[in-house]
Amino acid sequence: LFFTSIVYTIDIVVVITSLVLDFVLLARADDLHSDEAAQFATLLVVARLWRFIRVGHGIFTATYETVELHAEDEKAHLHATIHKMQARIAQLEAERGVFQP
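Every residue gets a number counted from 1 within its own chain, in the order that chain's sequence is written. Side-chain atom pairs in this predicted model are given and counted only at pLDDT of 80 or more, local residue features only at pLDDT of at least 70, and totals for whole chains, interfaces and linings cover all residues. Remark: hydrogens and water are excluded; side-chain values derive from all non-hydrogen atoms of the structure.

Help me understand the environment of threonine 42 in this model?
Secondary structure elements follow DSSP: runs of H or I no shorter than four residues count as helices, runs of E no shorter than two count as strands, and numbering proceeds from the N terminus. Within the secondary structure layout, threonine 42 lies in helix α3 (residues 35-96). Classification of residues uses two cut-offs on accessible area relative to the type maximum, computed with a 1.4 Å probe and protein chains only: under 20% is buried, over 50% is exposed, and between them is partly exposed. Judged by relative accessible area, threonine 42 falls into the partly exposed class, the value being 39%. Note: C-alpha distance between threonine 42 and aspartate 22 (20 residues apart in sequence) is 8.0 Å.

Would you mind showing me how to read the packing of aromatic side chains here?
Aromatic ring pairs: the centre-centre distance and the angle between the two ring planes describe each pair. Side-chain rings of Phe, Tyr and Trp, where Trp is taken by its six-membered ring, are said to pair if the distance between their centres is within 6.5 Å; with planes under 30 degrees apart they count as stacked, over 60 as edge-to-face, and otherwise as tilted. A full pass over the atoms with the stated rule returns 1 aromatic pair. Considering the side-chain rings of phenylalanine 60 and tyrosine 64, the 6.3 Å spacing of their centres and the 20° angle between planes classify their relative orientation as stacked. Placement of the pair is phenylalanine 60 and tyrosine 64 together in helix α3, with a separation of 4 residues, close to one helical turn.

What follows is the structure, encoded as structure tokens:
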């Protein structure tokens, strides 16, 4: 379900790619000899992790909404079936002459 949406698929590819690049930058921060570069790289990693969590939340939300929609459709179908069965019972009782209160 998640990978059927091109937007979600692109989003996860971007997030994973940026996380990998940010971790590489963080690992090479010692080579840069700059505390500011290391702090910036750490900030990027935290921001990308937050983005990754948001994508996970989006997956949960999309799945929940799909399940909820399916449950509502099933509920409506069951109510329609119950009404049909009640109508059929009333018809059969009328045919047999059974008293209905």
